Amino acid sequence: MSASDHQRITSLASQTAVHRAFHWLHLHQPQLRRWLLEIVRIPAPPFGEQPRALWFLERFRSLGLANVHLDDAGNALAELGPEEASGPVLLLSAHLDTVFPPGSPSEPIESTESTRIYAPGVCDNAAGLTALLGIAAALLHARIRPAATILFAANVGEEGEGDLRGMRHLFERGPYRDRIASAIALEGSGTAVVTQALGSLRFRITVTGPGGHSWSDAGVPNPILMLSRALTAIADLPLPPSPLTTLNAGHISGGTSVNSIPSSAIALIELRSSRPTSLHDAALQVRRALEDTITPFVTPASGLSLELETIGDRPAGALPLDSALLHTLRAVDRHLHLATELRLGSTDANLPLALDIPALAIGTGGLGGGIHTLDEWYDPIGRETALRRLLLLLLASAQIAPQLAAEASSTNAPDPV
Ligand SMILES: [Zn+2]
């Protein structure tokens, strides 16, 4: 971070319009709480985010954002930016989905002794979604029109088997894919910042065979034993300790009874690493272990078959330490007297980071706990500073975005703010 970065943030923070936005956030904490409660009441299980997405479209419209729509993946999108909107885009997103299956309790319980709220998904990610709306509302109230287009996204598919499909659509297929110059994902409570994307690859291994009676069909290949043989080999794979690459066998199933030769056996395997090449090397080793242990038995006569399916692919990546986005964040944190804590994590930011697009996932303030459990809670205490931080980071980044995407577009952006 240079002195000029710091100066840039100080002068940005001293602008009247920015003060108006800060003031809105200060006065509207009760409004943010109401939005948070409304969000948690709308269930958003994996692949069932639509009701919550539609709620966001309504909010985006009533706030007065432009080009409000649902994209082909089900992401709720809206824009704020220059009149002539064809230049670079800064993505500000928060994921809609929770880990909780349909039918999970969704009625929030408000503590009578503190500002704490209990509900599944209240922190991850109703807190982030509330911040997304709060930032949009504060900018609109303050009549701030950023230099580059800010794309607000309440996106689908962050958790588990959602496999980042909302982000994947935005960056790989959607109409904004060539315009997004940087991305900020709002994620839960606290102030930690994820700049290193922990990648993961998930596989389903399925071994099938003819099956039969344990005695009269003895000799027919046994998928459970075949799979066990492969898993033993996989367990012994040498994985690099640095950067740490991990392997988990997380689920196993198959068979019918003790006196039947099973007709199938299934295992779910997960690999994680922060280095893309380590992840792919490990995947190659898994594939070879399967080929060495099972493939020799896969013949027309044996009736045995082996299938390896990729059921999850979160790419790894990292925000370079000299990136403008990180310099800006450090300058904002210095201005607000906050510590910049950088973390390794698996978030929506994985996707842009793997594509070398500057991105980070950032906490939206307050405290939270019991994440991914039915006892999850969120307390907005101290959230205001975190929201100011997001607002400054966003506005300062909207100024640098046109430079980041200079090759993609020659549009001259109007003066910021
Ligand atoms: Zn989350």
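Quick caveat: nothing in here was measured; it's all calculated off a predicted structure. (Residues numbered from 1 in each chain as written. Predicted model: local features only at pLDDT ≥ 70, side-chain atom pairs only at ≥ 80, totals over all residues. Heavy atoms only, no water.)

**Details of the overall build of the chain**
At step 1: Across its full length, the chain carries 11 helices and 19 strands.
At step 2: The globule rule puts the C-alpha radius of gyration for 417 residues at 22 Å, and the 24 Å found for the chain is close to it.
At step 3: With the C-alpha coordinates of the chain rotated into their principal frame, the extents come out at 85 × 50 × 35 Å.
At step 4: Within the chain, the proportion of its 417 residues that are buried is 53%.
At step 5: Taking the contacts inside the chain whose residues are at least 6 apart along the sequence as the reference set, 79% of them involve residues at least 24 apart. (Helix = DSSP H or I, 4+ residues; strand = E, 2+ residues; numbered from the N terminus. Rg over C-alpha atoms; globule rule 2.2 N^0.38 Å. Buried < 20%, exposed > 50% of the residue type's maximum accessible area, 1.4 Å probe, protein only. Contact = heavy atoms within 4.5 Å.)

**Let's talk about the coordination of the zinc ion**
Six octahedral donors around a metal ideally sit at 90 or 180 degrees from one another, while four tetrahedral donors ideally sit at 109.5 degrees.
At step 1: Only His95 (NE2), Asp124 (OD) and Glu187 (OE) from the protein coordinate the zinc ion, and they sit 1.9 to 2.0 Å from it.
At step 2: Mapping the donors of the zinc ion onto the primary sequence gives the spacing H-x28-D-x62-E. In this pair, His95 sits in strand S3 (residues 89-95) while Glu187 sits in the loop between strand S7 (180-186) and strand S8 (193-197), placing the two residues 92 residues apart along the sequence. (Donors = N, O, S within 2.8 Å, 3.2 Å for Na, K, Ca; no water.)

**Considering the sheet that holds strand S13 (residues 264-273)**
Sheet strands line up and pair through hydrogen bonds in the backbone, either parallel or antiparallel.
At step 1: Judged by pairing direction, the sheet is antiparallel, and its 4 strands sit side by side in the order S11-S13-S9-S14 without closing on themselves. Each having just a single partner strand, strand S11 (246-254) and strand S14 (305-314) make up the two edges of the open sheet. Neighbour-to-neighbour, the strand axes of the sheet open up by a mean angle of 15°, direction not taken into account.
At step 2: Pairing of S11 with S13 involves 8 bridges; the strand directions are antiparallel. The residue of S13 that forms the bridge with Ala249 is Ile269.
At step 3: Its contacts with the sheet place helix H7 (residues 223-235) against strand S9 (199-208), S11 and S13, and it is angled at close to 15° to S13. (Pairing = 2+ DSSP bridges. Axes fitted to C-alpha atoms, helices over the stretch in contact; angles between N-to-C directions.)

**Some points on the pattern of salt bridges**
At step 1: Scanning the model with the defined rule gives 12 salt bridges in all.
At step 2: Two residues, Asp163 and Arg168, come together in a salt bridge whose shortest N-O distance is 3.7 Å. Arg168 carries the same exposure label as Asp163, and that label is buried.
At step 3: In this structure, Glu270 engages Arg272 in a salt bridge whose closest nitrogen and oxygen atoms are separated by 3.1 Å.
At step 4: Among the residues examined, Glu270 registers a relative accessible area of 16% and is labelled buried.
At step 5: Several salt bridges converge on common partners, so that one network encompasses Arg202, Glu270 and Arg272. (Salt bridge = Lys/Arg side-chain N within 4 Å of Asp/Glu carboxyl O.)

**Brief notes about the sheet that holds strand S19 (residues 377-379)**
At step 1: Across the sheet, 4 strands lie side by side as S4-S5-S19-S18; this open sheet has antiparallel pairing. The strands lining the two open edges of the sheet, one partner per strand, are strand S4 (109-110) and strand S18 (367-369).
At step 2: With 3 bridges connecting them, S18 and S19 associate as antiparallel partners. Its bridge partner lying in S19, Gly369 is registered against Trp377.
At step 3: Relative to S19, helix H5 (residues 122-141) is tilted by about 40°, and along the sheet it contacts strand S5 (117-118), S18 and S19.

**Points about the packing of helix H3 (residues 29-41) against H5**
At step 1: Look at H3 against H5: their axes get within 9 Å of each other, and the N-to-C directions meet at 135°. The angle between H3 and H5 places the two elements in the oblique class. The interaxial crossing formed by H3 with H5 has right-handed handedness. Only Val122, Ala126, Ala127, Leu129, Thr130, Leu133, Gly134 and Ala137 of H5 make contact with H3, whose side of the interface consists of Leu32, Trp35, Leu36, Ile39 and Val40. (Parallel < 35°, antiparallel > 145°, perpendicular 65-115°, else oblique. Left-handed = near helix turned anticlockwise from the far one by under 90°.)

**Side note on the side chain of Asp163**
At step 1: On the secondary structure map, Asp163 appears in the loop between strand S6 (149-155) and helix H6 (165-173).
At step 2: For Asp163, a relative accessible area of 16% gives the class buried.
At step 3: Polar side-chain contacts of Asp163 include one of 2.8 Å to the backbone nitrogen of Asp313.
At step 4: Setting aside anything within four residues of it in sequence, one finds Asp163 in contact with Gly157, Arg168, Ile311, Gly312, Asp313 and Arg314. (Polar contact = N/O pair within 3.5 Å; in protein donor to acceptor, adjacent residues only side chain to side chain.)

**Here we look at the nonpolar core**
At step 1: Judged by nonpolar contacts, the single largest core of 94 residues is most densely connected at Phe56, Phe60, Leu139, Phe152 and Leu391.
At step 2: The greatest single-element share of this core, amounting to 13 residues, is contributed by H5.
At step 3: Excluding its chain neighbours within four sequence positions, the residues that come into contact with Phe56 are Ile39, Ala76, Leu96, Leu129, Leu132, Leu133 and Ala154.
At step 4: Judged by nonpolar contacts, the second largest core, of 22 residues, contains Val207, Met226, Ala265 and Ala267. (Core = buried A, V, L, I, M, F, W, Y, C linked by side-chain atoms within 4.5 Å.)

**A closer look at the confidence of the model for the chain**
In low-pLDDT segments, the atomic positions of the prediction should not be examined closely.
At step 1: Averaged over every residue, the pLDDT of the chain is 93; residues scoring 70 or more account for 95%.
At step 2: For the stretch residues 401-417, pLDDT sits under 50, and the model shows 27 contacts to residues farther than four places along the chain or on other chains. (pLDDT = per-residue confidence, 0-100.)

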